[in-house]
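Now for the letters of each chain:
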Amino acid sequence: MTRKILLRYSPQKTTEPILASVIKETGLLLNILYAEFGTRGGEILIAIDAPDKDVDNAIELFERKGVEVREIKRAIQLDRDSCFDCGACLSLCPTGALYTTDDKTVELDEDKCIYCELCVPSCPVRALKLSEF
Ligand code: SF4
Ligand code: SF4
């Protein structure tokens, strides 16, 4: 299962190549879903598809390097029984997690979701729901 981890950098840590060093030390392939940096620090949301013990090891490494780590325990669900493929949610999704298939069906690729929730209120039949676990 893909786990999503939010990394929070203090201003002092933003100039250190922490992500690169964790990738190098663990050999894990990390997918960056979202990143934002400013004068008050930064945030990176990453997805890791690896055995739990390897992800736990990477989390420990980030923490040892001074990065605050929060695992995202949320999920967006698309209720295909309610969805009528109107497409209203598609243009709002910043990552392409919501997409249309060749037969014009709307689908959700949860691995790409950054939980911005922009899509949720756009759906006229409430087919998109955010759940916490
Ligand atoms: S919450 Fe909705 S709009 Fe935001 S990334 Fe996920 S699927 Fe796309
Ligand atoms: S807005 Fe709702 S009904 Fe329309 S395509 Fe998206 S999920 Fe389906």
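Figured I'd write up the structure that's included with this text. Keep in mind that this is a model prediction, so the values were computed, not measured. Counting starts from 1 at the beginning of each chain's written sequence and moves along it residue by residue. Here the convention is simple: chains get letters from A, ligands get numbers from 1, in the order in which they are written. Under the rules for a predicted model, residues below a pLDDT of 70 receive no local features and side-chain atom pairs below 80 are neither given nor counted, while totals for whole chains, interfaces and linings still include all residues.

**Some details on the packing of helix 1 (residues 18–26) against helix 2 (residues 52–64)**
Then, in step 1: Fitted lines through C-alpha atoms give the axes, limited to the stretch in contact for helices. The angle between two N-to-C directions lies from 0 to 180 degrees. We count a stretch as a helix when DSSP gives it H or I for four or more residues in a row; a strand needs E for two or more, and each element gets its number in order from the N terminus. Taken N-terminus to C-terminus, the directions of helix 1 and helix 2 make an angle of 140 degrees; their axes are 10 Å apart at the nearest point. Taken together, the axes of helix 1 and helix 2 are oblique relative to one another. Of the two elements, helix 1 crosses helix 2, and the hand of that crossing is right-handed. Within the contact between the two elements, helix 1 uses I18, V22, E25 and T26 and helix 2 uses D54, N57, A58, L61 and F62.
Then, in step 2: Amino acids outside the nonpolar list (Ala, Val, Leu, Ile, Met, Phe, Trp, Tyr, Cys, Pro) and the charged list (Asp, Glu, Lys, Arg) are all regarded as polar, and Gly is one of them. Taken together, the residues of the contact of helix 1 with helix 2 sort by class into five nonpolar, two polar and two charged. Under this scheme an angle from 65 to 115 degrees is roughly perpendicular, one under 35 degrees roughly parallel, and one over 145 degrees roughly antiparallel; angles in between are oblique. Two helices cross in a left-handed way if the nearer one is turned anticlockwise from the farther one by less than a right angle. They cross in a right-handed way if the turn is clockwise. For every residue pair, C-beta atoms are placed from the backbone, and the pair is scored as a contact if these atoms sit within 7 Å.

**Side note on the site of ligand 2**
Then, in step 1: As used in this record, a residue near a molecule or strand is one whose C-beta atom, placed from the backbone, is within 6 Å of it. Around ligand 2 lies a shell of 14 residues, among which C83, C86, A88, C89 and C123 are the nearest.
Then, in step 2: Looking at side-chain class alone, the shell around ligand 2 contains eleven nonpolar, two polar and one charged residues.

**Digging into the nonpolar core**
Then, in step 1: To count as a nonpolar core, a set of buried Ala, Val, Leu, Ile, Met, Phe, Trp, Tyr and Cys residues must be joined through C-beta atoms within 7 Å. Every C-beta atom is placed from the backbone, and the number of other C-beta atoms within 10 Å of a residue's own sets its class: buried at 20 or more, exposed at 12 or fewer, partly exposed in between. Ranked by size, the top nonpolar core spans 13 residues in total, and within it L7, I46 and F62 carry the most contacts.
Then, in step 2: Looking at this core, the elements that each hand over two or more residues are strand 1 (2–9), strand 3 (41–49) and helix 2.
Then, in step 3: With four residues, the top contributor of residues to this core is strand 3.
Then, in step 4: Ignoring sequence-local partners within four residues, the contact set of I46 consists of I5, L7, L30, N31, I32 and L33.
Then, in step 5: One finds C89, A97, C113 and A127 within the second-largest nonpolar core, a separate group that totals twelve residues.

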